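Structure at a glance
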Amino acid sequence: MNKTHEPILVEFPLRGEWLSPNTPGSKIPSHGTNKLGTRYAYDFIQVDWNRMGYPAYRVRFPRYLLFGVPLNDYYCWGQEVYSPCDGIVVAAEDGYQERERTNLLSDLANAYKNALFFEPEKEDIRCVAGNYIIIKYTENVYAALCHLQKGSVQVCVGQEVVKGKEIGKVGHSGNSYSPHLHFQLMDSRDIAAANGLPCAFEEIELYRNGEWITVRNYIPTKKDRMRFQKR
């Protein structure tokens with residue numbers, strides 16, 4: 001990367017163990033598109049590392065496939081989300097309804113429709129981002145945290161936040177295939193018009209060869225078992 005594209009360092013916005021199935025550490029654009037500031041975006045989920053396929057839910061696969069899963073059967077739903085940086089809240093949207101359970105076919109169809117046909121000039125950005133928070137970090141650097149749980153947003157526009165402050169909870173609102181946190185940095189507060197910016201995490205731990213090792217200034221891959229606890 002040249003200097004204009006060096007990753008911006010931020011704190012990991014979650015606590016505990018996580019997996020990133022969509023990450024710029026494995027593919028760019030990480031979400032298959034540069035639209036909506038997602039070029040370098042991350043998705044974070046929690047999984048059962050002891051079950052085949054590392055499912056993100058407590059039920060068995062046939063039940064997930066045939067009947068869907070209630071949100072509270074997902075490991076990450078309702079987990080606390082923290083500010084990745086010091087900054088000022090420039091957007092804080094709450095109240096957008098979450099679907100009560102996942103459904104593989106309808107959730108995938110919804111994601112496909114929004115990826116291809118979403119028109120930001122005509123539609124509510126929340127149908128993609130769900131409940132979300134945008135924090136101005138520095139000039140032309142904004143952090144977006146999306147798909148938050150309805151009723152969980154704990155900040156308001158104009159509020160100053162410090163790195164590590166709890167600001168919401170992981171949810172399933174908007175264009176969400178299952179409960180997860182979507183996180184990205186971008187060059188504008190307007191998700192519809194923003195360009196994505198690369199970012200790395202100041203410090204996380206990775207599980208390697210049966211032990212946890214600390215890494216710094218790291219961009220996770222989709223194979224990494226990672227964790228973070230505030231010291």
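Read on for an overview of the structure. Bear in mind that the values here come from a model prediction, so they are computed numbers and not experimental data.

**Some thoughts on a nonpolar patch on the surface**
Side chains of Phe61, Leu65, Leu66 and Phe67 sit close together on the surface and give an oily, nonpolar patch of about 450 Å² of accessible area. Summarising the element assignment, Phe61 is placed in helix α1 (residues 61–67).

**Points about the pairing of strand β6 (residues 87–93)**
Bridge analysis of β6 against strand β10 (residues 160–161) gives two bridges, and the strand direction is antiparallel. Counterpart to Ile88 in the pairing with β10 is Glu160. Of the strand pairs in this sheet, β6 and strand β8 (residues 131–138) are connected by five bridges, and their pairing is antiparallel. Paired with Ile88 across the two strands is Lys136, which belongs to β8.

**Some thoughts on the layout of surface pockets**
One water molecule sets the probe size; rolling that probe over the atoms shows where empty space is left. Its boundaries defined by the atoms lining it, the second largest pocket holds a volume of some 200 Å³. Residue lining of the second largest pocket: Ile45, Ala56, Tyr57, Tyr64, Tyr74, Leu104, Asp107, Leu108, Tyr177 and Ser178, and that is the complete set. The element best represented in the lining of the second largest pocket is helix α2 (residues 104–117), accounting for three residues. The residue makeup of the lining of the second largest pocket, split by class, is eight nonpolar, one polar and one charged.

**Points about the nonpolar core**
Counting residues in each nonpolar core, the largest one holds 33 residues, and the members touching the most others are Phe12, Phe44, Phe183 and Ile204. Listing elements by their share of this core, those giving two or more residues are β3 (42–45), β8, β9 (141–148), β12 (181–186), β14 (199–208), β15 (211–218) and β16 (226–228). Beyond its immediate chain neighbours, meaning those up to four positions away, Phe183 contacts Val10, Pro13, Ala41, Tyr42, Phe44, Pro84, Ala143, Ala144, Leu145, Cys199 and Phe201. Of all hydrophobic cores here, the second largest spans 15 residues; its members include Ile125, Cys127, Val128 and Met186.

Procedures and definitions
Residues numbered from 1 in each chain as written. Predicted model: local features only at pLDDT ≥ 70, side-chain atom pairs only at ≥ 80, totals over all residues. Heavy atoms only, no water. Patch = residues over 30% accessible without salt bridge, like charges linked within 9 Å, V, L, I, M, F, W, Y side chains within 5 Å. Areas by Shrake-Rupley, 256 points an atom, 1.4 Å probe, with all protein chains shown as cover. Salt bridge = Lys/Arg side-chain N within 4 Å of Asp/Glu carboxyl O. Helix = DSSP H or I, 4+ residues; strand = E, 2+ residues; numbered from the N terminus. Pairing = 2+ DSSP bridges. 1 Å grid on protein atoms, 1.4 Å probe; cavity = no way out; pocket = protein on both sides within 12 Å on 5 of 7 lines; lining within 4 Å. Points joined across faces, edges and corners; volume = space filled by probe spheres on them. Nonpolar A, V, L, I, M, F, W, Y, C, P; charged D, E, K, R; others polar. Core = buried A, V, L, I, M, F, W, Y, C linked by side-chain atoms within 4.5 Å. Buried < 20%, exposed > 50% of the residue type's maximum accessible area, 1.4 Å probe, protein only. Contact = heavy atoms within 4.5 Å.

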